[in-house]
Amino acid sequence: MKQCVQQNSKEVNEAMHTARSVSESLQLALTAAMSECEHWRSRFDTMKEQYEQEKEEKYQLKCEVQKLNVQLADQSEYSINMGTAIGTLLWRVSQSEQTIHSVLQGSKTEEFLQLVQGTLESYVQTYSNGTPYHPSQEESNESNFVLAICGVITNIAAAPYGRHFLMGSTSGCQLVDSYVEVLMQLLPPTFPKLRK
């Protein structure tokens, strides 16, 4: 019996030693896992903080873009209104043959002719790309601007000095060619004011 108790005692001690070793190993593994978990939690918190900062920056940038878009739209509207007003005034003033002499002797005449040509071609290309025509298109500030600068060219061409100037200038000849091409593209009932 003593031997049996010693044998049992030895087995219990070995089992306890093994259990202690396993417990220590598990404790070390648990500590390592907790340390790794803390490491990942720290990285998660850092990433979350960066995400929140980037989200805030993105929101601020989006607000700034919206603000700039509004400013750009306002500036564009202002420029269109100003261009329409000046174009209309110049159209009226250019009805006088004496004024045409003064206008054509200015230093920006070639630039003006090129501007008119580019504007007219762009306008017609924009609105004749298969988009259905609506009479209201000719009532916009953009259309009024195009009509005004085309009216100026029509007034210039109506005066003998103006015709001579247009035909003697490279920009003038190109503009006249553009006029002819545009008029061939604009079929009734589209753009009746522009065709006049």
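Residues numbered from 1 in each chain as written. Predicted model: local features only at pLDDT ≥ 70, side-chain atom pairs only at ≥ 80, totals over all residues. Heavy atoms only, no water.

Draft legend 1. Representation of the overall build of the chain in the model. Regarding its fold elements, the chain presents seven helices and zero strands. N-terminal to C-terminal, the α/β element order of the chain is α-α-α-α-α-α-α. When the 196 residues of the chain are sorted by exposure, 22% land in the buried category. Residue pairs in contact within the chain that sit at least 24 positions apart in sequence constitute 73% of those at least 6 positions apart. (Helix = DSSP H or I, 4+ residues; strand = E, 2+ residues; numbered from the N terminus. Buried < 20%, exposed > 50% of the residue type's maximum accessible area, 1.4 Å probe, protein only. Contact = heavy atoms within 4.5 Å.)

Draft legend 2. Representation of the side chain of Ser171 in the model. Within the fold, Ser171 resides in helix α6 (residues 170-185). Engagement of the side chain of Ser171 in a polar contact is seen with the side chain of Gln114, the distance being 3.1 Å. Those residues in contact with Ser171 that sit more than four places away from it in its chain are Glu110, Leu113, Gln114 and Gln117. (Polar contact = N/O pair within 3.5 Å; in protein donor to acceptor, adjacent residues only side chain to side chain.)

Draft legend 3. Representation of the packing of helix α2 (residues 97-104) against helix α5 (residues 160-168). Orientation of α2 relative to α5, taken along the N-to-C sense of each, is 30°, at an axis distance of 9 Å. Viewed along their axes, α2 and α5 adopt a mutual orientation that is roughly parallel. Here α2 contributes Glu97, Ile100, His101 and Leu104 to the contact with α5, which in turn contributes Pro160, Tyr161, Gly162 and Phe165. Residues that form the contact of α2 with α5 fall into these classes: five nonpolar, two polar and one charged. (Axes fitted to C-alpha atoms, helices over the stretch in contact; angles between N-to-C directions. Parallel < 35°, antiparallel > 145°, perpendicular 65-115°, else oblique. Nonpolar A, V, L, I, M, F, W, Y, C, P; charged D, E, K, R; others polar.)

Draft legend 4. Local environment of the nonpolar core. Judged by nonpolar contacts, the single largest core of 21 residues is most densely connected at Phe112, Leu113, Leu120, Ile153 and Ile156. Looking at this core, the elements that each hand over two or more residues are α2, α3 (109-127), α4 (141-158), α5 and α6. Setting aside chain neighbours within four positions, we find Leu113 in contact with Ile153, Phe165, Leu166, Ser169, Ser171, Gly172 and Leu175. (Core = buried A, V, L, I, M, F, W, Y, C linked by side-chain atoms within 4.5 Å.)

Draft legend 5. Representation of α3 within the structure. Spanning 19 residues, α3 covers 27 Å between terminal C-alpha atoms, matching the ideal 27 Å at 1.5 Å per step. All of the buried residues along α3 are Thr109, Phe112, Leu113, Val116, Gln117, Thr119, Leu120, Tyr123 and Val124. (Expected span 1.5 Å × (residues − 1).)

Draft legend 6. Inspection of the packing of α3 against α4 at higher detail. For the pair α3 and α4, interaxial distance at closest approach is 10 Å and the crossing angle is 135°. In this view, α3 runs oblique relative to α4, as classed from their interaxial angle. The two elements α3 and α4 meet at a crossing, and its hand is left-handed. Across the interface between the two elements, Phe112, Leu113, Val116, Thr119, Leu120, Tyr123 and Tyr127 from α3 touch Glu142, Ser143, Phe145, Val146, Ile149, Cys150, Val152 and Ile153 from α4. (Left-handed = near helix turned anticlockwise from the far one by under 90°.)

Draft legend 7. Structural detail: the environment of Trp91. Residue position: Trp91 is located in helix α1 (residues 2-93). The exposure class of Trp91 is partly exposed, given its relative accessible area of 33%.

Draft legend 8. Structural context of the confidence of the model for the chain. Looking at the chain, pLDDT values average 83 and 86% of them are 70 or higher. Summarising per-element confidence for the chain, the mean pLDDT is lowest in helix α7 (residues 192-195) (58) and highest in α5 (91). (pLDDT = per-residue confidence, 0-100.)

Draft legend 9. Looking closely at the side chain of Asn155. Locating Asn155 in the fold gives a position in helix α4. In this view, Asn155 contacts Trp91, Ser94, Gln95 and Ile100; residues no more than four positions away in its chain are not counted.

Draft legend 10. Seen up close, the pattern of salt bridges. For the coordinates displayed, the defined rule picks out two salt bridges. Note that Glu38 is salt-bridged to Arg41, the shortest N-O span being 3.9 Å. Here Arg41 and Glu38 lie together in helix α1, a separation of three residues that amounts to about one turn. Residue Arg41 is classed as partly exposed on the basis of its relative accessible area of 45%. In this structure, Glu111 and Lys108 form a salt bridge, with 3.3 Å as the shortest nitrogen-oxygen distance. On the accessibility criterion, Glu111 (47% relative accessible area) is partly exposed. The class of Lys108 is exposed, set by a relative accessible area of 53%. (Salt bridge = Lys/Arg side-chain N within 4 Å of Asp/Glu carboxyl O.)

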